[in-house]
Amino acid sequence: MAIDVKVPSVGESVTEGRIARWIKKDGEAVKPTDAIFELESDKAAQEVYAPVAGVLHTLVPEGEIVKIGQVVANVDPAGKATAKPQSPKPDTPKAPKAEVKHQPAEPDDDGKPDVILSPAARVQ
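So, here is what we can say about the structure in this document. Fair warning: this is a prediction, and the values are worked out from it, not measured in the lab.

## Observations concerning the pattern of salt bridges
Then step 1. Counted under the stated rule, the structure contains five salt bridges.
Then step 2. Here Arg21 makes a salt bridge to Glu38, at a shortest N to O gap of 3.6 Å. A residue pair is termed long-range when its members are at least 10 positions apart, and Arg21 in strand 2 (residues 16-22) and Glu38 in strand 4 (residues 35-40) qualify at 17 residues.
Then step 3. Exposure remark for Arg21: the relative accessible area of 37% places this residue in the partly exposed category.
Then step 4. Asp34 is paired through a salt bridge with Lys24; the nearest N and O atoms lie 3.9 Å apart. Within this pair, whereas Asp34 is found in the loop between strand 3 (29-30) and strand 4, its partner Lys24 is found in the loop between strand 2 and strand 3, the two being separated by 10 residues in sequence.
Then step 5. The class for Asp34 is buried, based on a relative accessible area of 13%.

## Some thoughts on the sheet that holds strand 1 (residues 3-6)
Then step 1. With antiparallel pairing, the four strands of this open sheet are ordered in space as 1-8-6-3. Of all the strands in the sheet, just strand 1 and strand 3 have a single pairing partner and so form its edges.
Then step 2. Pairing between strand 6 (residues 54-58) and strand 8 (residues 71-76): four bridges, direction antiparallel. When the bridges of strand 8 are listed, His57 appears paired with Asn74.

## Structural notes on the environment of Ile65
Then step 1. By the element assignment, Ile65 lies in strand 7 (residues 65-67).
Then step 2. For the pair Ile65 and Arg18, spaced 47 residues apart in sequence, the C-alpha separation works out to 4.4 Å.
Then step 3. Residues in contact with Ile65, not counting those within four places in the same chain, are Glu16, Gly17 and Arg18.

## Side note on the nonpolar core
Then step 1. Among the nonpolar cores identified, the biggest contains 16 residues, and Phe37 and Val72 are the most heavily contacted of them.
Then step 2. For this core, the elements supplying multiple residues, two or more each, are strand 2, strand 4 and strand 8.
Then step 3. Each residue touching Val72, except ones within four places of it in the same chain, is listed here: Val5, Val7, Ile19, Trp22, Phe37, Thr58, Leu59, Val60 and Val66.

## Side note on the sheet that holds strand 7
Then step 1. Read across the open sheet, the four strands follow the order 5-4-2-7; overall the sheet is antiparallel. Strands at the two margins of the open sheet, each flanked by one partner only, are strand 5 (45-49) and strand 7. Each strand of the sheet is rotated relative to its neighbour by a mean of 40°, with strand direction disregarded.

## Some thoughts on the environment of Val5
Then step 1. Examined against the element boundaries, Val5 turns out to sit in strand 1.
Then step 2. Judged by its relative accessible area of 2%, Val5 is buried.
Then step 3. Separated by 43 residues in sequence, Val5 and Val48 have C-alpha atoms that sit 9.0 Å apart.
Then step 4. Contact partners of Val5, with chain neighbours within four places excluded, come to Ile36, Phe37, Pro51, Gln70, Val71, Val72, Ala73, Asn74 and Val75.

Reading the values: rules and limits
- Residues numbered from 1 in each chain as written.
- Predicted model: local features only at pLDDT ≥ 70, side-chain atom pairs only at ≥ 80, totals over all residues.
- Heavy atoms only, no water.
- Salt bridge = Lys/Arg side-chain N within 4 Å of Asp/Glu carboxyl O.
- Helix = DSSP H or I, 4+ residues; strand = E, 2+ residues; numbered from the N terminus.
- Buried < 20%, exposed > 50% of the residue type's maximum accessible area, 1.4 Å probe, protein only.
- Pairing = 2+ DSSP bridges.
- Contact = heavy atoms within 4.5 Å.
- Core = buried A, V, L, I, M, F, W, Y, C linked by side-chain atoms within 4.5 Å.
- Axes fitted to C-alpha atoms, helices over the stretch in contact; angles between N-to-C directions.

Next comes the structure, spelled out in C-alpha cells:
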C-alpha cells in the first residue's frame, strides 16, 4: 500500500506553496533520508523528505501551486524503481597544466631587480 506525501505546514499564516522542483524523479527509489522535492512559500523554501523507503510516484508537476496538506506524491514501499537515479556527470579529462619555471629577476641597468613589489612586501 502506497504512503501519501503531503505538503507540510510551513507556518501559521501560510496556506499554500509551490513545488519548486522535484529532487527525485517519478519512479525513482527513495529512502527516508532523501529530500524528494523543494517547496517554496511566500515566507521560505524548504526540502521535503520521503516518509518511507520505496518508489516515488509524483502526482503534481513542478511549478504547480499546492495547498498545505495536499497529497503531491506517494511512495510505494513494495514498488520496483523504474527511473534511473541521477548520477554525477563524469569528469571531462582536463589538459595537463603547463609547467611554469620560475626564474629569478635579473637586475636592471640601475642594479635593482625588475620586479614590482606590493607595499607590504617592500617593508623589511
